[in-house]
Amino acid sequence: MSPKNNDPDLFRVLVYDLSARRGDIVLVPGRGRYIGGSGLAALLFEKYGLPTAAPFDPGQPLIFAIGPATGYFPLMSKTVCGFKSPYNGNYAESHAGGRSALALRFAGFDALVVTGKAARLSTLVVGSRRIELLDVHYLRGADVFTTGKLLRKIAAGASGHRSIMRIGPAGENGSAYACINVDTYRHFGRLGAGAVMGAKNCKALVVMGDGDLALPEDKAYPKLFKDIHDKVTASGMMEKYHNLGTPANVLPLNALKSLPWRNLAATTDPEADKISGEAFAEKLLMHNAACAGCPVGCIHVGMVREMFSASHRFAIHQVAYDHEPNFAAGPMLGVTDPSEVLAINDVADRQGLDIISAGVALAWAVEATQKGLVSEKETEVKLAFGDAAAFKRAMWLLGHKVNDFYAALGQGALVAARQYGGEDFACVLGQEMAGYATGETYFASQTVSFRHSHLDTGAYSYDQKHKEKDVDAVVKFLVDDERERVLLTCLVACLFAREVYKPEVVAAALSCLGHGELAAGIDAAAENARRARWRLKLATGYDPLATRIPKRFAEIETWKGPVDAAYMEALRAGYAAAVLSLGAPLPSA
Amino acid sequence: MKVHRAVRMERCIGCHSCSLACARLVYKNFSWNTAGIRIRSTGGVSSGFQAVLCLACDPAPCAAACPTGAMSPRKSGGGVLLKKSLCVQCGKCAAACPVEAINLDAAGNPSVCIHCGQCIPFCPHDCLELVEAAAPAAPCLESCNVAEK
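All of these numbers come straight from a predicted model, not from anything done at the bench. (Residues numbered from 1 in each chain as written. Chains lettered and ligands numbered in written order. Predicted model: local features only at pLDDT ≥ 70, side-chain atom pairs only at ≥ 80, totals over all residues.)

### Here's the deal with the overall build of chain A
Line of reasoning, step 1. Helix and strand content of chain A: 24 helices and 20 strands.
Line of reasoning, step 2. Taking 2.2 N^0.38 as the reference for a compact globule, 589 residues should give roughly 25 Å; the C-alpha atoms of chain A span a radius of gyration of 22 Å, in line with that estimate.
Line of reasoning, step 3. In terms of overall dimensions, chain A has C-alpha extents of about 65 × 55 × 50 Å along its principal axes.
Line of reasoning, step 4. Burial analysis of chain A (589 residues in total) assigns 62% to the buried set.
Line of reasoning, step 5. For chain A, the share of sequence-separated contacts (at least 6 apart) that also reach a separation of at least 24 residues comes to 69%. (Helix = DSSP H or I, 4+ residues; strand = E, 2+ residues; numbered from the N terminus. Rg over C-alpha atoms; globule rule 2.2 N^0.38 Å. Buried ≥ 20, exposed ≤ 12 C-beta atoms within 10 Å, placed from the backbone. Contact = placed C-beta atoms within 7 Å.)

Next up, the structure:
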């Protein structure tokens, strides 16, 4: 239950208008139907969003929402960002952890909605007893890490209990896949939330979790907390996330011919062992870190030791890694030195670029170079697979939008391909592909799904277990699996916790928190939230039937054999039809 | 008598499970502030984490500064007992603490580690430990001992 609010159906929301330099605290009913997180972000976009206006219209809201269980239980540690995406023009979500979720919780808000546009580059500081807009015009152009370091002084206070969400040059320059960096190692990565923030002249949001809340009255709460804590820390259930982390996927994916290499020219390569999760852990892993409220600690931080002078002078860079960034800066670009993979990631991170999109877009640019569609006249640096130095330079050029080519590439690989040619080999599935070339199910899923994310459904896992071709069964799996995930992203649980937060555990947790009625109707509420998201995506222009999968995806081979283009198209069309039905307008609308 | 020490903070991942546990189990609160142990980064998360907690001073300057006896020295081992009913929210205890281990909430109520150890099982990396007060350990925040052969 929210502070200063005894009605469990009410969300306590801070709506801050950057143009007017003032905030309103609004109590919004709807917990019973929208839960929080994904559902709350959709509810708030319904209330404050402008479905037909441009993503950069100052009136568009940038929404950060947490859920009813945030902070109260382990791994309830993520925040949902809702916005109209400059990448595709649709209502979109991006998720991140760090300290963002607990900071919002202890600042006393279920959501923060930022509207308007600041007159000068600004930082909004929000705490339980503080709402303030600071002029930070002097930070224009500053990279993400410099911004974080300076803001720790500029917006001092609540050390350790403060979340600093900021953008880099890419966000200021309107790249359609500019991210919002959260507390150095986490990101609202995909679909361009960072550019929306940039368009608002908002360099950063500092949320201070400096308030105290009442403990849930239910006597069962401490025991339920301990049971869940013991489960996630003692049983080995989370082993894969805190041991090697998600890069543990590399060798199995490579063995299954499911790892994208060199702009998806191949799906397996004998060099995979050089960039395996094991290789990163043995050579570069420095330490782990955690999102606040999560004892798993899945964040893996690697060390790049850069010798900048022949007389053995070194600079150290600490770079968080995961399978997706490693894929995008590694095999997709033909880079197999793990230290260089992290170094490319580091440069992309400093620009405030989503590394998945940036890496995949550059992979397209390499192939476009090979095919003579672009040259150094456009790229400024000669791009070739495996040339890490060139990619580091290109990441900076991309973030700084130095010419028309990088301006186009910063809007997406397909945008550049439409201009320069090469649409067939732009590895774009709704947005630049994630690191799973598992087959037809995954390609159809990412193309059609709500966030165009590998996390929308378990399609990549389905591909690895099913060889049979059954369109109806796959579509049913995608539709059912999405709903289960939406329930978790309404709470807001980390999706890594999906094995822990089974329906009965969710019901017990919500009941404990005074949301007994919500617990009883949780399935209907999750379904309502899921459909609300789809309605918004369709209302903002999404036509799932018009999606297409580029030719490159039909040219590859997985463990199942050559991709079956007709089957893949049937899956895409089948899932698209299901989505149209999920997003159908309400009868009363 | 035991004393709570954060002995292996180099392992800390910044999950705040300890603070949340102390707030939940000792201070009956939902908070990462109103707790006897709080985690800070030492200059951004890339620079590591620091536990802010009572070092069990003996004599305890916070108890000496307290005008009502709400903070009183434990019988042995250093550190203090906190009697909330006697506290007048003057904040003298927090000001007297050399390591900022006493938190004051918005109403001025102090929270301080009472060396009970209830937070310890919630640390996933074994950073925290209760040690015998009779053989007082130096307040090292990172493991500095070499294992005996």
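### Concerning the overall build of chain B
Line of reasoning, step 1. From N to C terminus, chain B includes 3 helices and 9 strands.
Line of reasoning, step 2. Moving toward the C terminus, one meets the helices and strands of chain B in the order β-α-β-β-β-α-β-β-α-β-β-β.
Line of reasoning, step 3. Over its C-alpha atoms chain B spans a radius of gyration of 15 Å, differing by no more than 12% from the 15 Å that the globule rule assigns to 149 residues.
Line of reasoning, step 4. Considered along the principal axes of its C-alpha atoms, chain B spans approximately 50 × 30 × 25 Å.
Line of reasoning, step 5. Expressed as a percentage of the 149 residues in chain B, the buried residues total 46%.
Line of reasoning, step 6. By sequence separation, contacts in chain B at least 24 residues apart represent 58% of the contacts at least 6 residues apart.

### A word on the sheet that holds strand β16 (residues 313–321) of chain A
Within a beta sheet, neighbouring strands are joined by backbone hydrogen bonds and run either parallel or antiparallel to one another.
All names here are of chain A.
Line of reasoning, step 1. In spatial order, the strands read β14-β15-β16; together these 3 strands make up an open sheet with antiparallel pairing. The open sheet is flanked by β14 (285–289) and β16, the only strands paired with a single partner. Here the average twist between neighbouring strands, direction ignored, is 30°.
Line of reasoning, step 2. Where β14 lies against strand β15 (residues 299–309), 4 bridges are found, and the strand directions are antiparallel. Residue pairing across strands places Ala289 opposite Ile299, the latter belonging to β15. (Pairing = 2+ DSSP bridges. Axes fitted to C-alpha atoms, helices over the stretch in contact; angles between N-to-C directions.)

### Here's the deal with the sheet that holds strand β3 (residues 62–65) of chain A
Residues and elements named next belong to chain A.
Line of reasoning, step 1. Spatial strand order, β2-β1-β6-β3-β4-β5: 6 strands in an open sheet with mixed pairing. Edge positions in the sheet fall to β2 (22–29) and β5 (91–96), since each has one partner strand and no second. Taking each pair of neighbouring strands and ignoring which way they run, the sheet shows an average axis angle of 20°.
Line of reasoning, step 2. Across 3 bridges, the pairing between β3 and strand β4 (residues 79–84) is antiparallel. Residue pairing for β4: Ala65 is matched across the bridge by Val80.
Line of reasoning, step 3. Docked against the sheet, helix α3 (residues 100–107) engages β3, β4, β5 and β6 (111–115), running at close to 95° with respect to β4.

### Let's talk about the environment of Gly412 of chain A
Residues and elements named next belong to chain A.
Line of reasoning, step 1. Mapping Gly412 onto the fold places it in the loop between α16 (404–409) and α17 (413–420).
Line of reasoning, step 2. C-alpha separation for the pair Gly412 and Val360, spaced 52 residues apart in sequence, amounts to 9.2 Å.
Line of reasoning, step 3. Among residues more than four places away in sequence, those in contact with Gly412 are Tyr87, Ala176, Tyr177, Ala361, Val428 and Gln431.

### Observations regarding the domain arrangement of chain A
Note: interface size is frequently given as the accessible area lost on complex formation between the parts.
Residues and elements named next belong to chain A.
Line of reasoning, step 1. Per the domain assignment, the segments of chain A are domain 1 (10–208), domain 2 (241–423) and domain 3 (432–582).
Line of reasoning, step 2. Here the C-alpha centre of domain 2 lies 26 Å away from the C-alpha centre of domain 1.
Line of reasoning, step 3. Every contact between the two is made by 31 residues of domain 1 and, on the other side, 25 residues of domain 2.
Line of reasoning, step 4. No other element matches the 3 residues that helix α5 (residues 169–172) contributes to the side of domain 1 that touches domain 2.
Line of reasoning, step 5. Residues of the side of domain 1 that touches domain 2, tallied by class, amount to 16 nonpolar, 11 polar and 4 charged. (Domains from an automatic or database assignment. Nonpolar A, V, L, I, M, F, W, Y, C, P; charged D, E, K, R; others polar.)

### A closer look at the interface of chain A and chain B
Line of reasoning, step 1. Contacts between the two partners involve 31 residues from chain A, matched on the other side by 24 residues from chain B.
Line of reasoning, step 2. Broken down by secondary-structure element, the contributors of at least two residues to the side of chain A that touches chain B are α3, α4 (144–154), β13 (213–214), α7 (221–234) and β14 of chain A.
Line of reasoning, step 3. No other element matches α7 of chain A, which puts 4 residues into the side of chain A that touches chain B.
Line of reasoning, step 4. Looking at chain direction, β13 of chain A and strand β2 (residues 29–30) of chain B are connected through 2 bridges and run antiparallel. By the bridge assignment for β2 of chain B, Ala214 of chain A is matched with Asn29 of chain B.

### Things to note about the nonpolar core
Note on soluble globular proteins: their nonpolar side chains tend to be buried together.
Line of reasoning, step 1. Judged by nonpolar contacts, the single largest core of 250 residues is most densely connected at Leu44, Ile63, Ala111 and Trp364 of chain A.
Line of reasoning, step 2. In contact with Ile63 of chain A, other than residues within four places in its own chain, are Ala41, Leu44, Phe45, Cys81, Gly82, Phe83, Ala111 and Val113 of chain A. (Core = buried A, V, L, I, M, F, W, Y, C linked by C-beta atoms within 7 Å.)

### Considering the pairing of strand β7 (residues 122–127) of chain A
All names here are of chain A.
Line of reasoning, step 1. With 6 of 6 residues buried, β7 is to be regarded as a mostly interior element.
Line of reasoning, step 2. Burial along β7 is two-sided: Ser122, Leu124 and Val126 and Thr123, Val125 and Gly127, pointing in opposite directions, are all buried.
Line of reasoning, step 3. Pairing geometry for β7 and strand β8 (residues 130–135), over 6 bridges, is antiparallel. What sits directly across from Gly127, in β8, is Arg130.
Line of reasoning, step 4. If you look at the hairpin formed by β7 and β8, you'll find 2 residues sitting between the two strands.
Line of reasoning, step 5. Pairing between β7 and strand β12 (residues 202–208): 5 bridges, direction parallel.

### Side note on the packing of helix α20 (residues 471–491) of chain A against helix α23 (residues 522–539) of chain A
Residue and element names in this part refer to chain A.
Line of reasoning, step 1. Here α20 crosses α23 at 95°, and the two axes come no closer than 9 Å. Relative to α23, the element α20 is oriented roughly perpendicular. In this structure, α20 contributes Glu482, Arg483, Val486, Leu487 and Cys490 to the contact, and α23 contributes Ile522, Ala526, Glu527, Ala529 and Arg530.
Line of reasoning, step 2. Classifying every residue of the contact of α20 with α23 by side-chain character gives 6 nonpolar, no polar and 4 charged. (Parallel < 35°, antiparallel > 145°, perpendicular 65-115°, else oblique.)

### Some points on the environment of Ser85 of chain A
Residues and elements named next belong to chain A.
Line of reasoning, step 1. The residue Ser85 is located in the loop between β4 and β5 in this model.
Line of reasoning, step 2. C-alpha of Ser85 to C-alpha of Arg190: the two residues are 105 residues apart in sequence and 9.3 Å apart in space.
Line of reasoning, step 3. Leave out the neighbours within four places in its chain, and Ser85 touches Pro55, Asn90, Ala92, Leu191 and Gly192.

### Notes on the confidence of the model for chain B
Line of reasoning, step 1. For chain B, the average pLDDT comes to 92, and 96% of its residues sit at 70 or higher.
Line of reasoning, step 2. Predicted complex, confidence summary: ipTM 0.89, pTM 0.96. (pLDDT = per-residue confidence, 0-100.)

### Points about the environment of Gly69 of chain B
Line of reasoning, step 1. Among the secondary structure elements, Gly69 of chain B is positioned in the loop between α2 (61–65) and β5 (71–73).
Line of reasoning, step 2. Separated by 21 residues in the primary sequence, Gly69 of chain B and Gly48 of chain B place their C-alpha atoms 37 Å from one another.

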